[in-house]
Amino acid sequence: RNTVVYNLVFIAVNMLLAVVVSLMLSELHGRRTAKTLQTVYMLPYFLSWAVVSIVLTAFLDRQYGLVNQMRKALGLSYRTDWYRQPGIWPGLLVFLNAWKNVGYQSVLYLAVISGISGEFYEAAVLDGATKLQQARYITLPHMRFIIGISIILAMGNIFRGDFGLFYVVTKNTGRLYGVTDVIDTYIYRGLTQLSNVGMSTAAGLYQSVVGLVITLAVNAIVNRIDPDSAMF
């Protein structure tokens, strides 16, 4: 359940944010400003989850974390161990995944936007189209191919969890298993703690086979809706 639900949320949130960010960046006329913002958005993508975990610990550490220090300054309870509070982690994991990956996706979409002929926008301006109307009737239709490919590839990995995010960032805390345990972390524990090679191999094969089937199924659906957006 965790693996599928998280991946569905990741796909929806990341794609929406990436499209919005790419549309905003495409409206920037200053080349230097646009390049600077692109660099800022892309930087998290190149950070390992180990580095992200260290930074997150600086915020959530029970004794020296910034969050607890701020709560102490405000006169609130400041001894909270955030790594034993399952309630905050679903939203936090979605935020971290988006923060790390949206920049890369937005650059892909921005590359598509930059290839759209300016004549479309000039004609739209002459017809009195607003920026939102230009995005709806010109930009988004031209982006449907890359969006379709992104959905197909993402759905093929719906049974695979980001091991670094769910294992390293959460520090493999047992109290969080209910909201952070995914297939990949389960396989890893089965292999390292139980030495159950058979179970780990079977689970890995299951992920691959189901991923292939889902990829073919989603591609067939997209092919019916919009053949130009399908992979084959």
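Coordinates for the structure precede this section.
The model shown is predicted, which means the values in this text are computed figures rather than measured ones. (Residues numbered from 1 in each chain as written. Predicted model: local features only at pLDDT ≥ 70, side-chain atom pairs only at ≥ 80, totals over all residues. Heavy atoms only, no water.)

**Brief notes about the overall build of the protein**
Working step 1: Counting secondary structure elements, the protein contains 11 helices and zero strands.
Working step 2: Walking the protein from its N terminus toward its C terminus, one meets helices and strands in the order α-α-α-α-α-α-α-α-α-α-α.
Working step 3: For the protein, the spread of C-alpha atoms along the three principal axes comes to 65 × 50 × 25 Å.
Working step 4: Residues classed as buried in the protein amount to 41% of the 232 residues present.
Working step 5: Accessible surface, the protein: about 13600 Å² in total, of which carbon and sulfur atoms supply 66%.
Working step 6: Each charge sign in the protein was given a centre, from 18 positive and 11 negative side chains, and these centres are 13 Å apart. (Helix = DSSP H or I, 4+ residues; strand = E, 2+ residues; numbered from the N terminus. Buried < 20%, exposed > 50% of the residue type's maximum accessible area, 1.4 Å probe, protein only. Areas by Shrake-Rupley, 256 points an atom, 1.4 Å probe, with all protein chains shown as cover. Lys, Arg positive; Asp, Glu negative; His and termini not counted. Charge placed at Lys NZ, Arg CZ, Asp CG, Glu CD.)

**Quick look at helix H10 (residues 183-192)**
Working step 1: Looking at H10, one finds that the buried residues are Ile183, Asp184, Thr185, Ile187, Arg189 and Gly190.
Working step 2: Where H10 is buried, its residues touch helix H1 (2-26), helix H8 (163-168), helix H9 (177-180) and helix H11 (197-225). (Contact = heavy atoms within 4.5 Å.)

**A word on the side chain of Ser53**
Working step 1: Examined against the element boundaries, Ser53 turns out to sit in helix H3 (residues 49-60).
Working step 2: On the accessibility criterion, Ser53 (7% relative accessible area) is buried.
Working step 3: Here the side chain of Ser53 touches Val168 through a polar contact of 3.3 Å, landing on its backbone oxygen.
Working step 4: If near-sequence neighbours (up to four positions away) are discounted, Ser53 is found in contact with Tyr83, Val168, Val169 and Lys171. (Polar contact = N/O pair within 3.5 Å; in protein donor to acceptor, adjacent residues only side chain to side chain.)

**Here we look at the packing of aromatic side chains**
Working step 1: Enumeration over the complete set of coordinates arrives at 10 aromatic pairs.
Working step 2: Measuring from ring centre to ring centre gives 4.4 Å for Tyr45 and Tyr104, while their planes differ by 10°; the resulting arrangement is stacked. Here Tyr45, found in the loop between helix H2 (31-42) and H3, pairs with Tyr104, found in helix H5 (residues 89-114); they are 59 residues apart in sequence, far enough to count as distant.
Working step 3: Assessed through its relative accessible area of 31%, Tyr45 is described here as partly exposed.
Working step 4: Overall, the relative accessible area of 34% leaves Tyr104 in the partly exposed class.
Working step 5: Look at Phe163 and Tyr167: their rings are 4.8 Å apart centre to centre, the planes differ by 15°, and that puts the pair in the stacked class. With Phe163 and Tyr167 both in helix H8 and four residues apart, this pair spans about one turn of that helix.
Working step 6: In this structure Phe163 comes out as partly exposed when scored by relative accessible area, which is 30%. (Phe/Tyr/Trp six-rings, centres within 6.5 Å; stacked < 30°, edge-to-face > 60°.)

**Overview of the environment of Leu191**
Working step 1: Mapped onto the secondary structure, Leu191 falls in helix H10.
Working step 2: Given the relative accessible area of 41%, Leu191 is considered partly exposed.
Working step 3: Measuring from C-alpha to C-alpha, the distance between Leu191 and Thr201 comes to 9.1 Å, with 10 residues separating the pair along the chain.
Working step 4: Not counting residues within four places of it along the chain, the set of residues in contact with Leu191 comprises Asn196, Val197 and Ser200.

Any functional reading would require information beyond the geometric quantities listed.
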